[in-house]
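One letter stands for each residue in the lines below.
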Amino acid sequence: MSSSQSPVRYNFRETESKWQKAWDERGTFRAKMDRAKPKYYVLEMFPYPSGRIHMGHVRNYTQGDVVARYRRARGFNVLHPMGWDAFGLPAENAAMQMKVHPKKWTYENIATMKGQLKSMGLSLDWSREVATCDPSYYRHQQKMFLDFWQAGLAYRKEAWVNWDPVDNTVLANEQVIDGKGWRTGATVERRKLSQWNLKITHYAEELLSRLESMPRWPEKVRLMQANWIGRSEGARVFFALTGEGAEPGETLEIFTTRPDTLFGASFMAISPDHPLAARLAKDDAALAAFIAECRKTGTSAAEIETAEKKGYRTRLSVKHIVKDGETLPVYVANFVLMEYGTGAIFGCPAHDQRDLDFVRKYGLPVIPVVLPKDADPRSFTIGAEAFVEDGTIYNSAFLNGLSVPDAKRAIIRHLEDKGQGKGTVQYRLRDWLVSRQRYWGCPIPAIHCDACGVVPVPAKDLPVTLPDDVEFDTPGNPLDRHPTWNHVACPSCGKPARRETDTFDTFIDSSWYFDRFTSPGVESAPFDREENHYWMPVDQYIGGVEHAILHLLYSRFWTRAMREVRMTGRDEPFDGLFTQGMVCHETYRAADNTWLFPDEIKRLDGGAVVRASDSSPVTVGRSEKMSKSKKNVVDPDQIIRDYGADTARWFMLSDSPPERDLEWTEAGVSGAWRFQQRLYRLLSEAIGGGVSAAKANGAFSDAAMTLRRAAHKAAAGISADIEAFHFNKAVARLYELANAIEGFKATTDSDRAALAETLDIFVRLIAPMTPHLAEELWTLLGRDGLVADAPWPTPDAALLADEAVTVAVQVNGKLRATLKLAKDTPKEKAEAAALAEADVIKAMAGKPAKKIVVVPNRIVNVVV
RNA sequence: GCCCCCAUGGCGGAAUUGGUAGACGCGGCAGACUCAAAAUCUGUUGCCCGCGAGGGCGUGUUGGUUCGAGUCCGACUGGGGGCACCA
């Protein structure tokens, strides 16, 4: 298309880079502490520098940017920083596959992605940029770890890990697929290693109970965290061991949530990992074999589901705790977890399905002790299903007749009186294992000395930096085989010692970066206390729901750990949280069943989809989350090049509610693009009519008043929408206002003044969403300065209310007419007007009104 | 298996929280401009019956509460998410 045919055309390429430069040069988005203004900290989850940004980032950062720009316009002192979650496994994989050093790879990716983010026109304060792989960042993390260690929040523990014997490394649970290493395919072994743990369980109760006072977090996330923490009330009970192999006076401690069913016990079961099992296995080869067998069982969901309940009858028994003279057999059972409770349980088959399955297999007795409501105690029996609901206790001596909750209280009191147990609260939450046998992570600042044990690196020797001269041609952690780095003198005795070669879980890096952003330049501390106190907590945090548990829970823990060592007085890092939905796209498969990229296909006129290269048929699959493996991805760079950042941003905000998944479509993008062009045309034509200089002389016409009302209503509505994260509704209101502007024909100076007022409001309203276009239009309107610095429009309350309202008239609940009435017309008048309507009279068919319901300004319902 | 969420035109989604269902956008249809196409503009567009005026139906299914239900309650169906032998 030649430019002569299109006199008004918005050149986004020139315009977008022009305004990005202007913001940059003026330092528009630099944040400075200013106590005169209310602060607002907007943060989007920082990206892993994988190479290029993807559409998920575009969506996430667009949403955050709308909030940041809106708050700025509302007069808040906004902090909106960005950084890089820069440590992690992909860098090491790149090193192995492409022979690039992880550091080089990471920093090159950061440079690329920073350029991409800048092209989006985000209102970020880049002067605060941090990368977690930088020693100036992680040194503080090492220091905090030492402080936590000293405070008793970090400790070493032997733990079972997934060991890949080919890579010589530990694998996370999700890296084990069907019992094999995800990379090597080697059968994963379980090994016991001494690992660093952080005591997140110390805060289990607080992390749980505080969720209730976090109203600006999604209910869903709070629920997921609550389930993850998994509080359950119950009792620990001490059973006296008897039989061959029991030490005199030895007890077996179990945890149960159903102490009320103790009279129904028929066996005891301990975990294969229980110390007692190990002791018995020493002189019981069959038991040793059974334990080995249990360890082999995989951790995958399918295996757990199908795993049969198995047990091994040991020589031991226990004395029944409430039935004198009786004993219960002790089994080692594959379904008992060492990590939960005490690693030992008592089995009551009548009231626990798992125990029932077990007992049916080994022929043990089933003794019902809870009677369902209305059941007959003489005939009630347990069949294939355990009875797990509330009922009346029977067959249980002094508990008989009580309800389940009452019986729990009674038996716990009884056990506590006799010193045989006590009521406790148990959590599913485990401590946070933070050791990783990897190179590209933050070194754990510890030294292993044969004489002194594990010794902290002295604070003056921090940071412990990663050595650059490492090789990735052999599997395993290159730090382990480094010729010099791991040799160090023991800080305590001075003798030769070894450095810890494990590095931290990268979730630590992201557990405090938001604190660092408050004062990223400080060297002597993780952050400046005053700055941190001013900016924190994060007022609005935005990111993917996939971080609902781990990242958010770890950050909440880290904040408490910092509180413990008196670095802050804060409990919670994030005041408001929003979890955005994914970006999806249709999937395409060629005839040979391979995936195709969206730009490899072509749509024919009839709607059929074919491969662009050879017109072979293509199967269109359902829309799924964009992923490289299915090739249903669209490159943000390309979109920004072809359509501009504002189009991409506008599309991300239109139609789909931000918390739901968004379907990326070519039609949607071009619709967004057309609107940008239309706006530019519309406003430049209106401004060309000499609008900006117009002054109102005399009263506004009805049409002008309607337009002004529309503008002021839009301002009020969009403010509410942005604050409630209803960006799609805000977009709809902007379309409506644009339509109103387009339909308005200014003929008088008053009209032109009304139009100028509306355009002025309009441009400020679109500024958070399409900031480049807004700046351009702002200049076109003849306004000085940046729209980014302009205040948000304040709606005139007098223009928000209509003087006439449309009232619906129903007869027996069915709509029969509408009435145009003055606002707040009294009930009697509205009723009379409704009854006078011809359609209403017809619908009433001569019958008298039995009742008339009038809701002022809304509805009149005549019941006949 | 347990816990949680969701279901509205051809499509994405609105609906002041119990008061005119379908805002706004996409797509479709008709028209204008054009030699033609693209772009743009105008009109129209929930479904069914009817030439028409008009009428009927309609928020996954079903039952209930209410003058009035997309919205509240019960049951069911379908889709999505979280947890996974948690004693």
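The model shown is predicted, which means the values in this text are computed figures rather than measured ones. (Residues numbered from 1 in each chain as written. Chains lettered and ligands numbered in written order. Predicted model: local features only at pLDDT ≥ 70, side-chain atom pairs only at ≥ 80, totals over all residues. Heavy atoms only, no water.)

Colleague: What exactly am I supposed to notice about the overall build of chain A here?
Modeller: Counting its secondary structure elements, chain A contains 26 helices and 35 strands. Counting across all 864 residues of chain A, residues that qualify as buried make up 52%. Put simply, 71% of the contacts in chain A that link residues at least 6 apart link residues at least 24 apart. When the accessible surface of chain A is totalled, it reaches about 39300 Å², and 51% of it is carbon and sulfur. Side chains of chain A give 111 positive and 112 negative charges; the mean places of these two sets differ by 2 Å. (Helix = DSSP H or I, 4+ residues; strand = E, 2+ residues; numbered from the N terminus. Buried < 20%, exposed > 50% of the residue type's maximum accessible area, 1.4 Å probe, protein only. Contact = heavy atoms within 4.5 Å. Areas by Shrake-Rupley, 256 points an atom, 1.4 Å probe, with all protein chains shown as cover. Lys, Arg positive; Asp, Glu negative; His and termini not counted. Charge placed at Lys NZ, Arg CZ, Asp CG, Glu CD.)

Colleague: Quick question: what am I supposed to make of the pairing of strand S20 (residues 453-456) here?
Modeller: Note on strand geometry: in a regular strand, side chains alternate between the two faces of the sheet. Sheet topology places strand S19 (residues 446-449) next to S20; four bridges connect them, and they run antiparallel. Paired with Ile447 across the two strands is Val455, which belongs to S20. Linkage of S19 to S20, two consecutive antiparallel strands, is achieved through a turn of three residues. (Pairing = 2+ DSSP bridges.)

Colleague: When you look at the layout of surface pockets in this model, what are you seeing that I'm missing?
Modeller: One way to see where empty space is left: roll a probe the size of a water molecule over the atoms. Taken as a whole, the second largest pocket spans an internal volume of roughly 460 Å³. Top contributing element to the lining of the second largest pocket by residue count: helix H17 (residues 636-643), with four residues. Of the residues contributing to the lining of the second largest pocket, the split by class is nine nonpolar, three polar and seven charged. (1 Å grid on protein atoms, 1.4 Å probe; cavity = no way out; pocket = protein on both sides within 12 Å on 5 of 7 lines; lining within 4 Å. Points joined across faces, edges and corners; volume = space filled by probe spheres on them. Nonpolar A, V, L, I, M, F, W, Y, C, P; charged D, E, K, R; others polar.)

Colleague: Is there a simple way to explain the pairing of strand S3 (residues 154-164) in this structure?
Modeller: Judged from the 10 bridges that link them, S3 and strand S7 (residues 189-198) form a sheet pairing that is antiparallel. Following the sheet pairing, Asn162 is matched in S7 by Arg190. Looking at chain direction, S3 and strand S4 (residues 169-171) are connected through three bridges and run antiparallel. Its bridge partner being in S4, Asn162 is matched across the sheet by Leu171.

Colleague: Where do I start with the confidence of the model for chain A in this structure?
Modeller: Interpretation of the predicted coordinates at a detailed level should be avoided for regions scoring low in pLDDT. Across chain A, the average pLDDT comes to 90, with 96% of residues at 70 or higher. Taken as a whole, residues 1-7 scores under 50 in pLDDT and shows two contacts with residues more than four places along the chain or in a different chain. Confidence over residues 299-305 falls short of pLDDT 50; this stretch has four contacts with residues more than four positions distant or in other chains. Across the whole predicted complex the pTM is 0.93, and at the interface the ipTM reaches 0.94. (pLDDT = per-residue confidence, 0-100.)

Colleague: What am I meant to see in the sheet that holds S3 here?
Modeller: Strand pairing within a sheet occurs via backbone hydrogen bonds; the two strands may be parallel or antiparallel. Pairing within the open sheet is antiparallel, and its four strands lie in the order S4-S3-S7-S17. Of all the strands in the sheet, just S4 and strand S17 (432-433) have a single pairing partner and so form its edges.

Colleague: Help me understand the protein's contact with RNA strand B, please; the structure alone is not making it clear to me.
Modeller: In the vicinity of RNA strand B, 50 residues are found, and the nearest of them are Thr257, Arg354, Arg674, Lys729 and Asn861. If you look at RNA strand B and keep only atoms within 4 Å of the protein, 61% of those are sugar or phosphate atoms. Within the side chain of Lys309, a nitrogen or oxygen atom sits 2.8 Å from a base oxygen of RNA strand B. Contact between RNA strand B and Asn728: a phosphate oxygen at 3.3 Å from a side-chain N or O atom of the residue. Here the element with the most residues in the surface near RNA strand B is helix H21 (residues 727-743); it accounts for six residues. Each residue belonging to the surface near RNA strand B can be placed in one class, and the counts come to 21 nonpolar, 11 polar and 18 charged. (Near = heavy atom within 4 Å. Polar contact = N/O pair within 3.5 Å; in protein donor to acceptor, adjacent residues only side chain to side chain.)

Colleague: Which parts of the structure should I look at to understand the packing of helix H18 (residues 645-653) against helix H19 (residues 666-688)?
Modeller: With their axes 8 Å apart at the nearest point, H18 and H19 run at an angle of 120° to one another. Classed by the angle they form, the pair H18 and H19 counts as oblique. As H18 packs across H19, the resulting crossing turns out to be right-handed. Contact residues: H18 offers Asp646, Thr647, Trp650 and Phe651, while H19 offers Gly668, Val669, Ala672, Trp673, Phe675 and Gln676. Its residues assigned to classes, the contact of H18 with H19 comprises six nonpolar, three polar and one charged. (Axes fitted to C-alpha atoms, helices over the stretch in contact; angles between N-to-C directions. Parallel < 35°, antiparallel > 145°, perpendicular 65-115°, else oblique. Left-handed = near helix turned anticlockwise from the far one by under 90°.)

Colleague: I'm lost on the packing of helix H7 (residues 219-229) against helix H16 (residues 550-564) in this one. Help?
Modeller: Working note: a packed helix pair is described by the angle between its axes plus the distance between those axes. Where H7 contacts H16, the axes come no closer than 10 Å and their chain directions differ by 75°. Classed by the angle they form, the pair H7 and H16 counts as roughly perpendicular. Within the contact between the two elements, H7 uses Val221, Gln225, Trp228 and Ile229 and H16 uses Leu550, Leu552, Leu553 and Arg556. Here the residues of the contact of H7 with H16 sort into six nonpolar, one polar and one charged.

Colleague: Hey, could you run me through the packing of aromatic side chains in this one?
Modeller: The way to describe two aromatic rings as a pair is by their centre distance and the angle between their planes. With the rule as written, the count across this model stands at 42 aromatic pairs. Between Phe263 and Phe398, the aromatic rings sit 5.8 Å apart at their centres with planes inclined by 75°, giving edge-to-face as the arrangement. A residue pair is termed long-range when its members are at least 10 positions apart, and Phe263 in the loop between strand S9 (251-256) and strand S10 (267-270) and Phe398 in the loop between strand S15 (392-393) and helix H12 (404-418) qualify at 135 residues. Residue classification places Phe263 among the buried residues on the basis of a relative accessible area of 3%. Counting every residue linked through ring pairs, the aromatic cluster contains Phe46, Tyr513, Phe514, Phe517, Tyr541 and Phe574. Above the face of the Trp595 ring, Arg589 is positioned so that its terminal group lies 3.7 Å from the ring centre. (Phe/Tyr/Trp six-rings, centres within 6.5 Å; stacked < 30°, edge-to-face > 60°. Lys NZ or Arg CZ within 6 Å of the ring centre and 35° of its normal.)

Colleague: Explain the side chain of Thr825 to me, please; I cannot follow it from the model alone.
Modeller: Assignment of secondary structure puts Thr825 in the loop between strand S33 (814-822) and helix H25 (827-836). Since its relative accessible area comes to 16%, Thr825 is described here as buried. Looking at Thr825, its side chain comes within polar contact range of the main-chain oxygen of Ala822, at 2.4 Å. For Thr825, the residues in contact, after removing those within four places along its chain, are Ala830 and Asn857.

Colleague: What am I meant to see in helix H20 (residues 702-723) here?
Modeller: The α-helix advances 3.6 residues per turn, and as a result positions three or four apart in sequence lie on the same side. Compared with an ideal rise of 1.5 Å per residue, which puts 22 residues at 32 Å, H20 spans 32 Å between its outermost C-alpha atoms and is within 8% of the ideal. In the stretch just after H20, Phe725 is the one whose phi turns positive, near 60°. (Expected span 1.5 Å × (residues − 1).)

Colleague: What am I meant to see in helix H23 (residues 771-780) here?
Modeller: By the criterion of burial, H23 is predominantly enclosed, with eight of the 10 residues buried. Those residues of H23 that sit buried are Pro771, His772, Leu773, Ala774, Glu775, Glu776, Leu777 and Trp778. Close packing links the buried residues of H23 with helix H1 (12-26), helix H2 (55-73), H18, H19 and helix H22 (749-766). Looking at the residues trailing H23, positive phi occurs at Gly782, about 85°.

Colleague: What is the right way to read the sheet that holds S20 from this model?
Modeller: The strand order S20-S19-S22-S21 describes an open sheet built from four strands, whose pairing is antiparallel. A strand with exactly one partner marks an edge of an open sheet, and here the two such strands are S20 and strand S21 (487-489). With strand direction ignored, the average angle separating the axes of adjacent strands in the sheet is 40°. Two elements, S19 and strand S22 (residues 496-499), share two bridges in a ladder whose sense is antiparallel. Across the sheet, the residue bridging to His448 is Arg498, located in S22.

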